[in-house]
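Inside the fold
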Amino acid sequence: MAGTLQACCATGFKHEDTTYFAHPKTANPEKAIILISDIFGIVSNSQLLADDFARNGYLAVIPDILHNDAINFGDFRAGKVDLPAWLSKHGPDTVEPVLEATIKHLREELGVKKIGTVGYCFGGRFVVSFLKDGKTDAGYTAHPTAIQNAELAAIEKPLSIAAAEIDNVWPAEHRHEAEGILSKTGQPYQITLYGGVVHGFAVRGDLSDVKLKTSKELAFLQALQWFQYNL
């Protein structure tokens, strides 16, 4: 379905700030958001998004799905990363146990009743694969990579997708294919296309560009509204 990672997956700009767990004002929140990162791991861009979810009442957490082996942004842009070799070390067998442990901690130790997942690029596949067997309650992904058709067809909970018009990883034909698959699942779904933006815009867009900044903010609102109705 969604293609493999390419150079466009590393385009974008780092946003400044720090956070790992982002706590809302509510002392014991019953709803949580798990942010499943891209290949760059727990960096300021995703941490700021976690803060934004927390400001809207969710306990937000970014687990280290990459086991302290995130790709350095500068090294990737300079062509110093062997991406196929890196990907071979970060498949479902290493990522999913981290997510399962995070879900268990949220539900059993923190008393969270509803869990939504948010995945950007690399993280998108795991948003989809965890929308079954009662693992999570709703999902949102922006410009996903490596989504498998079988996993998409098997979802049992609502899914929202923010798509970039200019995206070699998840081009129009893959988006249309996803529409056909999702329409047969019986689950609520949404695919929103953002015109004139590239892969990575929802998490790594240049905030000095008004068009990219607006698209990024609208993509976040898409996620927020999706969880308002489905968590």
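Described below are features of the structure shown in this document. None of the values given here were measured: they were computed from a predicted structure.

The rules we used
Residues numbered from 1 in each chain as written. Predicted model: local features only at pLDDT ≥ 70, side-chain atom pairs only at ≥ 80, totals over all residues. Heavy atoms only, no water. Helix = DSSP H or I, 4+ residues; strand = E, 2+ residues; numbered from the N terminus. Rg over C-alpha atoms; globule rule 2.2 N^0.38 Å. Buried < 20%, exposed > 50% of the residue type's maximum accessible area, 1.4 Å probe, protein only. Contact = heavy atoms within 4.5 Å. Areas by Shrake-Rupley, 256 points an atom, 1.4 Å probe, with all protein chains shown as cover. Core = buried A, V, L, I, M, F, W, Y, C linked by side-chain atoms within 4.5 Å. Phe/Tyr/Trp six-rings, centres within 6.5 Å; stacked < 30°, edge-to-face > 60°.

**Overview of the overall build of the protein chain**
Across its full length, the protein chain carries 9 helices and 7 strands. Against the 2.2 N^0.38 benchmark of 17 Å for 231 residues, the protein chain shows a C-alpha radius of gyration of 16 Å, consistent with a compact globule. Here the C-alpha coordinates of the protein chain stretch approximately 45 × 40 × 35 Å along the principal axes. When the 231 residues of the protein chain are sorted by exposure, 54% land in the buried category. Restricting to contacts in the protein chain with at least 6 residues of sequence separation, those with at least 24 account for 74%. When the accessible surface of the protein chain is summed, it comes to about 10,100 Å², and 50% of that surface belongs to carbon and sulfur atoms.

**With respect to the nonpolar core**
Of all hydrophobic cores here, the largest spans 37 residues; its most connected members are I34, I65, L99, L106, F122, L152 and L159. Put simply, the parts of the chain that give this core at least two residues each are strand 2 (31-36), strand 3 (59-61), helix 2 (73-77), helix 3 (83-88), helix 4 (92-109), helix 5 (124-129), strand 6 (159-166) and helix 7 (172-182). Ranked by the residues each element gives to this core, the list is headed by helix 4, at 5 residues. If we ignore the near neighbours within four places in the chain, the residues touching L159 are V127, V128, L131, G139, Y140, T141, L152, L182, P188, Y189, Q190 and W226. In this structure, A22, L35, A142 and A219 belong to the second largest nonpolar core, which totals 30 residues.

**A closer look at the packing of aromatic side chains**
Enumeration according to the criterion identifies 9 aromatic pairs in this entry. Aromatic side chains F40 and F76 sit 6.1 Å apart centroid to centroid with 75° between the ring planes, which places their arrangement in the edge-to-face category. Remark: F76 occurs in helix 2 and F40 occurs in the loop between strand 2 and helix 1 (44-55); sequence separation between them is 36 residues. By the burial criterion, F40 is buried, and F76 matches it. In textbook terms, an aromatic cluster arises when at least three aromatic residues are bridged by ring pairs, as seen for F53, Y58, F220 and F227.

**Details of unusual backbone geometry**
Positive phi values are uncommon outside glycine, yet H143 reaches one of about 35°. One can find H143 in the loop between strand 5 (138-142) and helix 6 (149-153). The buried category is assigned to H143, whose relative accessible area is 0%. Backbone geometry at A146 places phi at a positive 60°, although glycine is not the residue there. If you trace the backbone, A146 turns up in the loop between strand 5 and helix 6.

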